[in-house]
Amino acid sequence: MRNVLITGASRGIGAETARLFARQGDNVIINYFRSQSEAETLRSELRSMGYSAEIIKADVSDPAQVTEMFARTEQLCGGADVLVNNAGIAQTKLFTDITDDDWQRMIAVNLSSVFYCCRSALPYMIRKHSGRIINVASMWGQIGGSCEVHYSAAKAGVIGITKALAKEEGLSGITVNCVSPGVIRTDMTSNLTEDDLRALADETPTGTIGTPLDVARAIVYLAGEDAGFITGQVLSVSGGFVI
Ligand code: NAP
């Protein structure tokens, strides 16, 4: 049984990813920050089906809390064999309206968190000479999103970390990849109207909006045996929005 730590797994893509890993027999560690009751409900749901699940509260933008989260993971199960850096926030604003606080929060939650979590996860993986890191980027980090410059910059940074770290850790038996979702129906996109979503679906070759399960399947694939010779890659899960 592998230990899979998923950041931001109380809701959306992270929660669906936790379900999928649990269903294939992995022990899942569900990180949450604000949504404690959702995290507890998910843990109960998984345990009631006989799966192995733990929850850990931590704000992944805070290096001290990340260090504490990995110490707790070590106590619970020895260490994370798979790390999914999924926690994220979004914000839509004109570039000229982005404040220093907006910028710093966006970079801290979406980009610095990936640095903190990888740094804490790697010593265990290096000792075992195996490990999988999957980062959740975004298509806006590849192609740029209007009115989401800070989000796009953070996600482009996640892609940069993925590629560079993959080169550094390959000989340690560790792969580092990212998924790059397109428009996925979660709380994050709940500010979009049905008309907005239809327009975005019309722009997508598949003619559809994605689901959390679509992204979860790609993450589980990259963490699995079949993806052993894949590292440093950006897997677009966007219905062909980005080709
Ligand atoms: P979501 O439904 O809004 O869920 C976000 C998750 O991130 C929640 O579980 C939340 O936990 C967690 N989170 C936020 N800030 C955190 C922090 N400081 N520390 C720990 N956890 C934190 O969003 P989603 O759509 O599932 O997004 C998941 C990832 O996919 C994000 O990285 C996002 O950028 C990326 N993505 C999403 C889309 C999309 O269309 N939905 C597209 C491209 C990329 P709490 O509620 O417990 O605080």
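Shown above is the structure to which this text applies.
Here, residues in each chain are numbered from 1, in the same order as that chain's written sequence. Where local features are concerned, this predicted model is filtered to residues with pLDDT of at least 70; where side-chain atom pairs are given and counted, the filter is 80 or more; whole-chain, interface and lining totals use all residues. In computing side-chain properties, one takes all heavy atoms of the structure into account and sets aside hydrogens as well as water.

*Asks:* What should I look at first to understand the side chain of Asn135 in this one?
*Replies:* By the element assignment, Asn135 lies in strand E5 (residues 131-136). Here, residues are in contact when the closest pair of their heavy atoms is within 4.5 Å. In this view, Asn135 contacts Asn85, Val114, Val158, Thr162, Val176, Asn177, Cys178 and Val179; residues no more than four positions away in its chain are not counted. Numbered from the N terminus, helices here are DSSP runs of H or I no shorter than four residues, and strands are runs of E no shorter than two.

*Asks:* Could you clarify how one ought to interpret the sheet that holds strand E3 (residues 53-57) in this entry?
*Replies:* Where strands meet in a sheet, backbone hydrogen bonds hold them as pairs that are either parallel or antiparallel. With parallel pairing, the seven strands of this open sheet are ordered in space as E3-E2-E1-E4-E5-E6-E7. Each edge of the open sheet carries a strand with a single partner, namely E3 and strand E7 (234-237). Mean inter-strand twist for the sheet, computed between neighbouring axes without regard to direction, equals 20 degrees. Two strands qualify as a pair provided that DSSP identifies no fewer than 2 bridges between them. When strand E2 (residues 27-32) meets E3, the two strands line up parallel, connected through five bridges. Axis angles are defined between N-to-C directions and span 0 to 180 degrees, where every axis is a line fitted to C-alpha atoms and, for a helix, only to the segment in contact.

*Asks:* Explain the pattern of salt bridges here, please?
*Replies:* Any two side chains of opposite charge can pair, so long as their charged atoms come close to each other. Salt bridges, as used here, are contacts in which a Lys or Arg side-chain nitrogen is within 4 Å of a carboxyl oxygen on Asp or Glu. In this structure the tally under the stated criterion is ten salt bridges. Residue Arg198 is joined to Asp195 by a salt bridge in which the shortest nitrogen-to-oxygen separation is 3.0 Å. Placement of both Arg198 and Asp195 in helix H7 (residues 194-202) is noted, with a separation of three residues, approximately one turn of the helix. Burial here depends on accessible area, computed with a 1.4 Å probe over protein chains only, as a share of the maximum for the residue type. Under 20% is buried, over 50% is exposed, and the range in between is partly exposed. By relative accessible area, which is 54% here, Asp195 ends up exposed. Among the ionic contacts, a cluster of salt bridges with common partners joins Glu16, Arg19 and Glu45.

*Asks:* Would you mind showing me how to read the site of the ligand here?
*Replies:* By convention in this text, a residue qualifies as near a molecule or strand provided that one of its non-hydrogen atoms is within 4 Å of it. Around the ligand, 33 residues are found, and the nearest of them are Arg34, Ser35, Asn86, Tyr151 and Thr186. Two N or O atoms form a polar contact when they lie within 3.5 Å of each other; inside protein one atom must be a possible hydrogen donor and the other a possible acceptor, and for residues adjacent in sequence the pair counts only when both atoms belong to side chains. Contacts to the ligand include Ala58, whose backbone N or O atom sits 3.5 Å from a nitrogen atom. Between a nitrogen atom of the ligand and a main-chain N or O atom of Val60, the distance comes to 3.0 Å. Gly falls in the polar group here, along with every residue not listed as nonpolar (Ala, Val, Leu, Ile, Met, Phe, Trp, Tyr, Cys, Pro) or charged (Asp, Glu, Lys, Arg). For the shell around the ligand, the per-class residue count stands at 16 nonpolar, eleven polar and six charged.

*Asks:* Can you help me understand the packing of aromatic side chains in this one?
*Replies:* Each aromatic ring pair is described using two quantities: the centre-to-centre distance and the angle formed by the ring planes. Only rings of Phe, Tyr and Trp enter the pairing, Trp through its six-membered ring, and a pair is recorded when the two centres are within 6.5 Å. The plane angle decides the type: under 30 degrees is stacked, over 60 is edge-to-face, the rest tilted. The full count for this structure, using the stated rule, is two aromatic pairs. Arranged with centres 5.6 Å apart and planes meeting at 50 degrees, the rings of Phe115 and Tyr116 form a pair that is tilted. For Phe115, a relative accessible area of 43% translates into the label partly exposed.

*Asks:* Teacher, can you tell me more about a nonpolar patch on the surface here?
*Replies:* Together, Phe95, Trp103 and Val149 make up an exposed nonpolar region whose accessible area comes to about 290 Å². In this structure, Val149 sits in helix H6 (residues 149-169). The class of Val149 is partly exposed, set by a relative accessible area of 33%. Every patch collects residues that have over 30% relative accessible area and no salt bridge, joining them within 9 Å if they carry like charges and within 5 Å if they are nonpolar side chains (Val, Leu, Ile, Met, Phe, Trp, Tyr). Accessible surface area values rest on a Shrake-Rupley calculation with a 1.4 Å probe, where residue burial reflects the displayed protein chains alone.

*Asks:* What exactly am I supposed to notice about the packing of helix H1 (residues 12-23) against helix H8 (residues 212-223) here?
*Replies:* The geometry of a pair of packed helices is captured by two quantities: the angle between their axes and the separation between those axes. For the pair H1 and H8, interaxial distance at closest approach is 8 Å and the crossing angle is 50 degrees. Overall, the two elements H1 and H8 adopt an arrangement that is oblique. Helix-helix and strand crossings are classified by hand; for H1 and H8 the assignment is right-handed. Residues Gly12, Ile13, Glu16, Thr17, Leu20 and Phe21 of H1 form the contact with H8, whose own contacting residues are Pro212, Leu213, Val215, Ala216, Arg217, Ile219, Val220 and Ala223. Between 65 and 115 degrees an angle is taken as roughly perpendicular, under 35 as roughly parallel, over 145 as roughly antiparallel, and anywhere else as oblique. Handedness of a crossing follows from how the near helix is turned relative to the far one, being left-handed for an anticlockwise turn of less than a right angle and right-handed for a clockwise one.

*Asks:* Could you clarify how one ought to interpret H7 in this entry?
*Replies:* Owing to its 3.6 residues per turn, the α-helix aligns residues three or four sequence positions apart on the same side. Every buried residue of H7 is listed here: Leu197, Leu200 and Ala201. For H7, the angular spread of the buried residues around the axis is 100 degrees, confining them to a single face. Facing away from the buried surface of H7 by more than 90 degrees, the exposed residues are Asp195 and Asp202. Relevant arc is that of directions from the helix axis to the C-beta atoms, nothing else.

*Asks:* I'm lost on the packing of helix H4 (residues 100-128) against H6 in this one. Help?
*Replies:* Following both chains from N to C, one finds H4 and H6 inclined at 15 degrees, their axes separated by 8 Å at the closest point. Between H4 and H6, the crossing angle belongs to the class labelled roughly parallel. At the point where H4 passes H6, the crossing takes the right-handed sense. Contacts between H4 and H6 involve Asp102, Trp103, Met106, Ile107, Asn110, Leu111, Val114, Phe115, Cys118, Leu122 and Ile126 on the former and, on the latter, His150, Tyr151, Ala153, Ala154, Lys155, Gly157, Val158, Ile161, Leu165 and Glu169. Grouping the constituent residues of the contact of H4 with H6 by class yields 15 nonpolar, three polar and three charged.

*Asks:* Mind showing me how you'd approach the environment of Arg11 here?
*Replies:* The topology assignment puts Arg11 in the loop between strand E1 (3-6) and H1. Sequence-distant contacts of Arg11, that is, excluding residues within four places in its chain, are made with Ser35, Glu38 and Asp187. One polar contact links Arg11 to Ser35, side chain to side chain, over a distance of 3.2 Å.

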